[in-house]
Structures are given as structure tokens and as C-alpha cells.
Amino acid sequence: MAIITGFHAIEEKIRSLPKDSKPDFKLYFSKPGPRVKKILEEAKKAAVTCEQTDDKTLDSLVSSLDPSLRDHRGLVMELLGKTAASSNLVDFDAWLKQFNASGKEAATVVILDKITDPHNVGAIIRSCDQFGAALVVVPEHNSATNIASNEVIGRASAGASAWVPVTVVKNLVRTAEQLKEAGFWIYGADAGGQSCTQMTFAKKSALVMGSEGSGIDALLHKTCDSIVSIPTCGKIDSLNVSVAAGVLLYELYRKSL
């Protein structure tokens, strides 16, 4: 079982349902205001079970969540069975095989190295949705990939995590090499790289974002074809990783138009 709060996250979960599916989750609500009523209408159209209860019950449902997620505002979604796992999770090898077979000439993949804060991951996924990234890659270890983190990611991404494919891999270096074999150019984000404003990005691009503390792992850094940076004029060392990812994704998107 998993619990989701936040109007955006719940709305996008409902909208992401395939047509004629049988949703394995349930909505609980207390005193519905205009926004909740609108969500309930969409839920009923999608055949989602809705049950009215009281705030005490909703408080109990969210009691095990991260404190930042407990403000349910009168609406809670409970995921059951297979639906409790992230529906946007994909197998990397299967995704790459399908991509190669599609004949697509352009795509952006984002690789997250040692980014353990789920709020940052959620914000990056939101930017990926807005700027058309095809896939987000995270490592099995040293990343925000557990169930508790997924709930924070869903809220921080404002529901975008229901749409953007995410894959969890054992070895980021091997994954980067597979992307290179498929024609992707690997760009590592680092303050010492070439300015993103001066670069011409490949149609098939993979952007590697490292942790704010240690940056990109040395072996993964060596795998990169180019190192890209963001020109800034501030007094502090660097941008937050989710902000930096958003800036670079926008630059990739802008130059593809």
C-alpha cells in the first residue's frame, strides 16, 4: 500500500490512467471544497472508488508519511497492490530496444548520479516533463528510489512523475555506454565545462547531473563526451542541482526548436 497527497499529484495520477483500465486505488475525502469536487468528478469518470470520511481518518492515513506530505487538505489517495509501485518505472534495456526500433532521431535522457534528496529528484522530473525529456535514469544505490522517497517525489514533481518514464539501473557507467552505442552524446554538468550557451547539442543527448557535494562520479565523468556548465554571476558556489537541471534542460529544448 502507498499513500499520495497533494492535489496536483493526485490529479495527474488519475489523468495518467489508461482508458478502460480498472484502477487499483481509492480516494478518501472529508468536506470537499471546489478543487476537491473537481478532482472527484474526474476520479468517478475514470472509475476510481471515492469514499467520504472525516479528517481524523485522513490524518491517520497520512501519519506514516514524511511531515512535508501530511497536509492532505481533505483528500488522500490510497494505492493498492501493483499500483502501489510507480507506474512510470520502466526497464532500461526494454526502453532502449524500443527506442532503437522506433527510428527516432532526437531524444533527451537525464542521468542522476548520487542525488539522494527526493525533493530535488521530484523537481528535476517536473522540468523533464516540461522540456520533453524521454527518460530519467537513477542508480539502484545512493539515490532517492525507495517507496517513501517516491511519495515525496510525486508531490515535489507536482504530478509529473506519473508521466515521465524513470528507470533504475545497477551501473550508471554501463548505462551511459549503452546510450553512446545507441548514438547518444553524453554531457556531464560541471562548473568547469563549456558554457551551455555556446554549445550545439546533439539530437540524441544524455545529460548527467551529479550530487551537489561530490559532483559526478570519476568513472562516469570519464564516460562523458563533453562537459557543460551554466554561466552565472552570483557570489555563492553553485546552483541547486534541480535548478541547474532545469536550466540545462531548457537550453537543450530551446536549441531543438
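Everything quoted here is computed from the prediction, not taken from an experiment. Numbers given to residues run from 1 along each chain, matching the order in which its sequence is written. Only residues with pLDDT of at least 70 get local features here, since the model is predicted, and only at 80 or more are side-chain atom pairs given and counted; chain-wide, interface and lining totals rely on the full set of residues. To obtain the side-chain values, all non-hydrogen atoms of the structure were used and water was disregarded.

*Asks:* So what exactly am I meant to see when it comes to empty space enclosed by the protein here?
*Replies:* With a probe scaled to a water molecule rolled over the atoms, the places where space remains empty come into view. Here a cavity means grid points, on a 1 Å grid over the protein atoms only, where a 1.4 Å probe fits yet cannot get out; a pocket means an open set of points with protein on both sides within 12 Å along at least five of seven lines; lining residues are those with an atom within 4 Å of a point. Grid points are joined across faces, edges and corners, and a volume is the space filled by probe spheres set on the points. In the structure shown here, the tally under the stated rule is 1 cavity of 30 Å³ or more. Of the voids in this model, the largest cavity is the one considered here, and its volume is about 40 Å³. Along the walls of the largest cavity sit Glu 11, Ile 14, Arg 15, Lys 38, Ile 39 and Glu 42, which together make up its complete lining. When residues of the lining of the largest cavity are traced back to their parent elements, those giving at least two are α1 (7-15) and α2 (34-45). The residue inventory of the lining of the largest cavity, partitioned by class, reads 2 nonpolar, no polar and 4 charged. Helix numbers and strand numbers start at the N terminus; a helix is a DSSP run of H or I with at least 4 residues, a strand a run of E with at least 2. Three classes are used: nonpolar for Ala, Val, Leu, Ile, Met, Phe, Trp, Tyr, Cys and Pro, charged for Asp, Glu, Lys and Arg, and polar for all others, with Gly counted as polar.

*Asks:* Any chance you could explain the sheet that holds strand β1 (residues 2-4) here in plain terms?
*Replies:* Strand pairing in a sheet relies on backbone hydrogen bonds, with the paired strands running either antiparallel or parallel. Spatially, 4 strands are ordered β1-β4-β2-β3 in an open sheet, and the strand pairing comes out mixed. The strands lining the two open edges of the sheet, one partner per strand, are β1 and β3 (49-52). Pairs of neighbouring strands in the sheet enclose a mean axial angle of 25°, with direction left out of account. As defined by bridge partners, strand β2 (residues 25-29) adjoins β3 across 4 bridges and the pair is classed as parallel. Residue pairing for β3: Phe 29 is matched across the bridge by Gln 52. The contact criterion used is simple: two residues touch if any of their non-hydrogen atoms lie within 4.5 Å. Note on definitions: angles span 0 to 180 degrees between N-to-C directions of axes, and those axes are lines fitted to C-alpha atoms, for helices only across the stretch in contact. Seen against the sheet, α2 touches β2, β3 and β4 (75-79) and runs at an angle of roughly 155° to β2. Strands are treated as partners if at least two bridges between them are detected by DSSP.

*Asks:* Looking at this model, I keep getting lost on the side chain of Ser 229. Mind explaining?
*Replies:* With respect to the element layout, Ser 229 can be found in strand β10 (residues 226-229). Owing to a relative accessible area of 10%, Ser 229 belongs among the buried residues under this scheme. In the analysis that follows, any N or O atom pair within 3.5 Å is treated as a polar contact, provided that within protein one partner can donate a hydrogen and the other can accept it, and provided that, for residues neighboring in sequence, both atoms belong to side chains. A polar contact of 2.8 Å, which involves the side chain of Ser 229, links it to the backbone oxygen of Gly 193. Apart from the residues within four sequence positions on either side, Ser 229 is in contact with Asp 190, Ala 191, Gly 193, Gln 194, Ser 195 and Cys 196. Here's how the labels work: a residue is buried when its accessible area is under 20% of the maximum for its type, exposed when over 50%, partly exposed in between, all with a 1.4 Å probe on protein chains only.

*Asks:* Explain a nonpolar patch on the surface here, please?
*Replies:* The patches reported here contain residues having more than 30% relative accessible area and no salt bridge. Joining distances are 9 Å for like charges and 5 Å for nonpolar side chains (Val, Leu, Ile, Met, Phe, Trp, Tyr). Throughout, the Shrake-Rupley method with a 1.4 Å probe supplies accessible areas, and for residues the shown protein chains are the sole cover considered. For this analysis, a salt bridge means a side-chain nitrogen from Lys or Arg found within 4 Å of a carboxyl oxygen belonging to Asp or Glu. There is a patch of nonpolar side chains on the surface, built from Tyr 250, Tyr 253 and Leu 257 and spanning about 340 Å² of accessible area. Relative to the helices and strands, Tyr 253 is located in helix α9 (residues 241-256). For Tyr 253, a relative accessible area of 35% corresponds to the partly exposed category.

*Asks:* Help me understand the sheet that holds β10 in this model?
*Replies:* In spatial order, the strands read β7-β6-β5-β9-β8-β10; together these 6 strands make up an open sheet with parallel pairing. Sheet topology places β7 (166-169) and β10 at the edges, where each strand pairs with a single neighbour. In this sheet, adjacent strand axes meet at a mean angle of 35° when their direction is disregarded. Pairing analysis gives 4 bridges linking strand β6 (residues 135-139) to β7, with the strands arranged parallel. Residue pairing across strands places Val 137 opposite Thr 167, the latter belonging to β7. Where helix α7 (residues 172-181) meets the sheet, it contacts β5 (107-113), β6, β7, β8 (185-195) and β9 (204-210), and its direction lies at approximately 165° from that of β5. Along the sheet face, α9 touches β5, β8, β9 and β10 and points at about 165° away from the line of β9.

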